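Spelled out, the chains give:
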2 protein chains.
Amino acid sequence: MNSGSTAHPSLLVVGSVGLDTVETRAGKRTDVLGGAAAYSAVAASFLSPAPHLCAVVGTDFPADHTSFLESRTVGLGGLERVSGRTFRWSGVYARDFSTRTTLDTQLNVFESFRPKVSAEAAQAPYVFLANIDPELQLSVLEQAKKPKFVACDTMNFWIEGKRDALLRLLARVDLLLLNDEEARLLAGEANLPAAARAIRAMGPRAVIIKRGDAGALLFHEAGVFAAPAFPLENVVDPTGAGDSFAGGFMGWIAREGSTSPQTIRTAMILGSVLASYCVEDFSLDRFRSLDLSAIRERFSAFADLVHFEHIRL
Amino acid sequence: MNSGSTAHPSLLVVGSVGLDTVETRAGKRTDVLGGAAAYSAVAASFLSPAPHLCAVVGTDFPADHTSFLESRTVGLGGLERVSGRTFRWSGVYARDFSTRTTLDTQLNVFESFRPKVSAEAAQAPYVFLANIDPELQLSVLEQAKKPKFVACDTMNFWIEGKRDALLRLLARVDLLLLNDEEARLLAGEANLPAAARAIRAMGPRAVIIKRGDAGALLFHEAGVFAAPAFPLENVVDPTGAGDSFAGGFMGWIAREGSTSPQTIRTAMILGSVLASYCVEDFSLDRFRSLDLSAIRERFSAFADLVHFEHIRL
């Protein structure tokens, strides 16, 4: 547990904060709050208050979004506001959510982002490097002061385009989170357990493979853990589900101050809980009304979802 | 539990028995034992001895296969042997097992198969109608004497080509097992929980959606249950995995003489155990050396795979 006597945050989250324009069969939203680090930090905040957000926005970033992040206790001391436009992403999902098409990506102020980690934030024992250029993820690691546990995410763009930097990063992190296609691409291996084994040989002692509505698999020194996805009929917008998973996961780890196998399993379920809520509305909107009792309720629903009795054969 | 005082079998399995020619990255096998009913009956036999097999083979069906089925206690009184060649299927799997291409299907003696259920077999309280023409599945139901629980499987070929007969069948069964693509096709709905709800409105009070290496989902009046797939690096031949799942599932139901929600959940895991062993070798070969202690061991491994501690938030 955190001593409470130090000024540093428990959890440092680095990545993108942006404005998304998203269309799904449930509707369309323009310039709404988005970005992997925004989803992760807000999700984490439900479990571990005051995660420190390290990101950049432009002068056009709405004060409403800043207020919302603050209302969720997210520490904004590391949120740079620089001259120019905020990072923007625009995409449309197939009616059945099986595919997503990116219509536009504007890096804007993100293009020249060089994460600067404050002296206090550099003391955070838990670090989540959301999906950004692995060179930037590495630069954050170089500023961090001996964190206890570092997790990172990545994507096909970096696996294909910046493999060397990514491999240098992987040699220095404890956990890699990525989706099934990314795991196959990184490992050059279609079988997921084999891909996870190959990835662990690159450095991370733990790998979490996210499979969307098929749940997530954890591979680490204590074996394998399968977290189901919550069966939802009413998916509104899948954007940020994986980032919310990572945020819920890291929030629990930071709260418990432990990475024991049992803590990591619980963290996987809490990550799944946050992800399942995330997709129930556009942007981070579902998190505006979410509270601990709802998280507790869905945690129990997850426990029921996989429960079966032991038998004698 | 079965009283033991009656001569009838607990479980009746109807479907195909055939000779498969299969090629995977692990090798090729020619004219090996196959067919949905063979996989299902053998898988069931580990949990509920003496399942009654109702199927047809030709005069070319090797005595070795008959001996193997008998060695597994499968009741062959309903296995017709008629003049002609046995049903044959031939297929090849992609190197990553993501797709399977059927090279050849020869119905042979199966073309004129009209299942005849003996007076004893008609008393079986548990009936599994493996994937065959829904007209034949219906004809078996008409011969059965008030079974306690009827499960059936189907495939895209019947969903598209014999929808009316399939719907008449579904109105009369307790459980439909099918894979995710078949569920989407049958329901006309991409979201799996929504598809399951639509299918349950067609008749079956329970639906199991099989998702290969993403596990299986049960939807029934008591809610949803998610059974994981066992993470296997060494898949040799996926043929028959779904049929072995169904066999293990029905074998447990028949053994327990119950379809309570808890029994059904346990049956899902035992189905998953049998399916996970099935794919470790070609044809039904893994079942030749399988025993209860191996089933027990993997059941425990499944329990560990999904275990997480309850927390207070």
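Our subject is the structure that appears above.
Numbers given for residues are sequential positions, taken from 1 along each chain in its written order. Whichever chain is written first is A, and whichever ligand is written first is 1; the rest continue in order. Residues qualify for local features only when their pLDDT is at least 70, as the model is predicted, and side-chain atom pairs are given and counted only at 80 or more; totals for whole chains, interfaces and linings, by contrast, use all residues. The side-chain values count all of the structure's non-hydrogen atoms but skip hydrogen atoms and water molecules.

Things to note about the sheet that holds strand β3 (residues 27-34) of chain A
All names here are of chain A.
Thinking step 1. Should DSSP find at least two bridges between two strands, the strands are regarded as paired. Runs of H or I in DSSP of at least four residues are treated as helices and runs of E of at least two as strands, each being numbered from the N terminus. Strand order in this open sheet of four strands is β3-β2-β6-β7, and the pairing throughout is mixed. One side of each edge strand has no neighbouring strand; the edge strands of this open sheet are β3 and β7 (100-106). On average, each strand axis in the sheet is inclined to that of its neighbour by 15°, with strand direction left out of account.
Thinking step 2. Pairing between strand β2 (residues 18-24) and β3: six bridges, direction antiparallel. Looking at the pairing, E23 lines up with K28 of β3. Only the contacting stretch of a helix is used when fitting its axis, a line to C-alpha atoms as for every element, and angles between N-to-C directions run 0 to 180 degrees.

A few points about the pattern of salt bridges
Side-chain pairs of opposite charge can arise whenever the charged atoms involved come near each other.
Residues and elements named next belong to chain A.
Thinking step 1. Any carboxyl oxygen of Asp or Glu that lies within 4 Å of a side-chain nitrogen of Lys or Arg is treated as forming a salt bridge with it. For the coordinates displayed, the defined rule picks out 37 salt bridges over all chains.
Thinking step 2. For E135, the salt bridge goes to K162, with nearest N and O atoms at 4.0 Å. On the criterion of sequence distance, the pair formed by E135 in helix α3 (residues 134-143) and K162 in the loop between α4 (156-161) and α5 (163-170) is long-range, its members being 27 residues apart.
Thinking step 3. Measuring nitrogen to oxygen at the nearest pair gives 3.0 Å for the salt bridge that ties R184 to E181. Of this pair, R184 and E181 both sit in helix α6 (residues 180-187), three residues apart, which is roughly one turn of that helix.
Thinking step 4. Overall, the relative accessible area of 22% leaves R184 in the partly exposed class. Throughout this description, buried means an accessible area under 20% of the type-specific maximum (1.4 Å probe, protein chains only), exposed means over 50%, and partly exposed covers the range between.

Some words on the sheet that holds strand β4 (residues 52-58) of chain B
Consider a sheet: its strands pair through backbone hydrogen bonds, and that pairing is either parallel or antiparallel.
Residue and element names in this part refer to chain B.
Thinking step 1. Taken in spatial order, the nine strands make up an open sheet running β5-β4-β1-β8-β9-β10-β11-β12-β13, and their pairing is mixed. Across the chains shown, the open sheet's two edge strands, defined by having one partner strand only, are β5 (75-82) and β13 (223-227). Pairs of neighbouring strands in the sheet enclose a mean axial angle of 15°, with direction left out of account.
Thinking step 2. For β4 and β5, the ladder comprises six bridges, and the chain directions are parallel. Each bridged residue has a counterpart across the sheet, and for G58 the counterpart in β5 is V82.
Thinking step 3. In what follows, a contact means two residues having at least one pair of non-hydrogen atoms within 4.5 Å. On the sheet, helix α1 (residues 36-45) packs against β1 (11-14), β4 and β8 (126-129) and is oriented at approximately 160° with respect to β1.

Quick notes on the packing of helix α8 (residues 241-256) of chain A against helix α9 (residues 261-278) of chain A
All names here are of chain A.
Thinking step 1. Interhelical geometry of α8 versus α9 gives an angle of 140° and a closest axis separation of 7 Å. When the axes of α8 and α9 are compared, the pair comes out oblique. Crossing of α8 over α9 shows right-handed handedness. Contact with α8, carried on its side by A241, S244, F245, G248, F249, W252, I253 and E256, involves T263, I264, T266, A267, M268, L270, G271, S272, L274, A275 and C278 of α9 and no other residues of that element.
Thinking step 2. Gly counts as polar in this scheme, as do all residues outside two lists: the nonpolar Ala, Val, Leu, Ile, Met, Phe, Trp, Tyr, Cys and Pro, and the charged Asp, Glu, Lys and Arg. Split into classes, the residues belonging to the contact of α8 with α9 amount to 12 nonpolar, six polar and one charged. Orientation is classified from the angle alone, with under 35 degrees giving roughly parallel, over 145 giving roughly antiparallel, 65 to 115 giving roughly perpendicular, and any other angle giving oblique. Throughout, a crossing is termed right-handed when the near helix is turned clockwise from the far one, and left-handed when it is turned anticlockwise from it by less than a right angle.

Overview of the pairing of strand β9 (residues 149-153) of chain A
All names here are of chain A.
Thinking step 1. Buried residues dominate β9, accounting for five of its five residues.
Thinking step 2. With four bridges joining them, strand β8 (residues 126-129) and β9 adopt parallel strand pairing. The partner of L129 across the bridge, within β9, is C152.
Thinking step 3. Look down the strands so they point away from you; if going from the first strand over the helix to the second traces a clockwise path, that crossover is right-handed. Once you follow β8 into α3 and on to β9, the crossover reads as right-handed.

As for α5(A)
Thinking step 1. Within α5(A) the residues assigned to the buried category are A165(A), L166(A), L169(A) and L170(A). For α5(A), the angular spread of buried residues about the axis comes to 140°, placing them on one side. An arc is given here, and it is the one of the directions from the helix axis to the C-beta atoms.

A closer look at the relation of the copies chain B and chain A
Thinking step 1. The atoms used to superpose the copies are C-alpha atoms, taken from residues with pLDDT of at least 70 in both, and the fit is least squares. With an RMSD of 0.0 Å, chain B superimposes on chain A once it is rotated by 180° and translated 0.0 Å along the axis. The superposition operator between the copies reduces to a two-fold rotation axis. Relative to the rotation axis, the closest C-alpha in chain B is found at A214(B), a distance of 2.8 Å.
Thinking step 2. Most of the interface of chain B is mirrored in chain A, where 100% of its interface residues are also at the interface.

Observations regarding the side chain of Q137(B)
Residue and element names in this part refer to chain B.
Thinking step 1. Looking at the element boundaries, Q137 is found in helix α3 (residues 134-143).
Thinking step 2. Within polar-contact distance, the side chain of Q137 engages the backbone oxygen of L129 at 3.2 Å.
Thinking step 3. Residues in contact with Q137, not counting those within four places in the same chain, are L129, A130, N131, I132, C152, D153 and L169. In protein, a polar contact requires one atom able to donate a hydrogen and another able to accept it; more generally it is a pair of N or O atoms within 3.5 Å, and residues adjacent in sequence count only if both atoms are side-chain atoms.

A few points about the packing of aromatic side chains
One pair of aromatic rings is described through two measures. These are the centre distance and the angle between the planes.
Thinking step 1. What counts as a ring pair is set by centres within 6.5 Å for rings of Phe, Tyr and Trp (its six-membered ring), and what kind of pair is set by the plane angle: stacked under 30 degrees, edge-to-face over 60, tilted for all other angles. As enumerated under the stated definition, the model contains 18 aromatic pairs over all chains in all.
Thinking step 2. Each ring, one from F110(A) and one from F113(A), has its centre 5.3 Å from the other, and the planes form 40°; the classification is tilted. Grouping residues by exposure puts F110(A) and F113(A) together as buried.
Thinking step 3. Aromatic side chains F230(B) and F302(B) sit 5.3 Å apart centroid to centroid with 40° between the ring planes, which places their arrangement in the tilted category. Of this pair, F230(B) sits in the loop between β13 and α8 (241-256) while F302(B) sits in helix α11 (residues 292-306), placing them 72 residues apart in sequence.
Thinking step 4. Judged by relative accessible area, which is 24%, F230(B) ranks as partly exposed.
Thinking step 5. F302(B) sits in the buried class, given a relative accessible area of 0%.
Thinking step 6. Taken together, the aromatic side chains of F87(A), F110(A) and F113(A) make up a single cluster linked through ring pairs.
Thinking step 7. Over the aromatic face of Y277(A) sits the side chain of R298(A), whose NZ or CZ is 4.0 Å from the ring centroid.
Thinking step 8. By definition here, charges over rings are those cases where NZ of Lys or CZ of Arg is within 6 Å of the ring centre and within 35 degrees of the ring normal. The side chain of R72(B) reaches across the aromatic face of F46(B), ending 3.6 Å from its centre.

Describing the pairing of β2(A)
Along any regular strand, the residues point their side chains to alternate faces of the sheet.
All names here are of chain A.
Thinking step 1. Here β2 lies mainly inside the structure; six of its seven residues are buried.
Thinking step 2. If you look at the hairpin formed by β2 and β3, you'll find two residues sitting between the two strands.
Thinking step 3. Sheet analysis places β2 next to strand β6 (residues 88-93), joined by five bridges and oriented parallel. Bridge assignment links D20 to a residue of β6, and that residue is W89.

Quick notes on unusual backbone geometry
Residue and element names in this part refer to chain B.
Thinking step 1. Of note, T73 is a non-glycine position whose phi angle comes to about 70°, a positive value.
Thinking step 2. Along the polypeptide, T73 turns up in the loop between α2 (63-71) and β5.
Thinking step 3. One non-glycine residue, N108, adopts positive backbone phi at about 50°.
Thinking step 4. Along the polypeptide, N108 turns up in the loop between β7 (100-106) and β8.
Thinking step 5. Judged by its relative accessible area of 24%, N108 is partly exposed.

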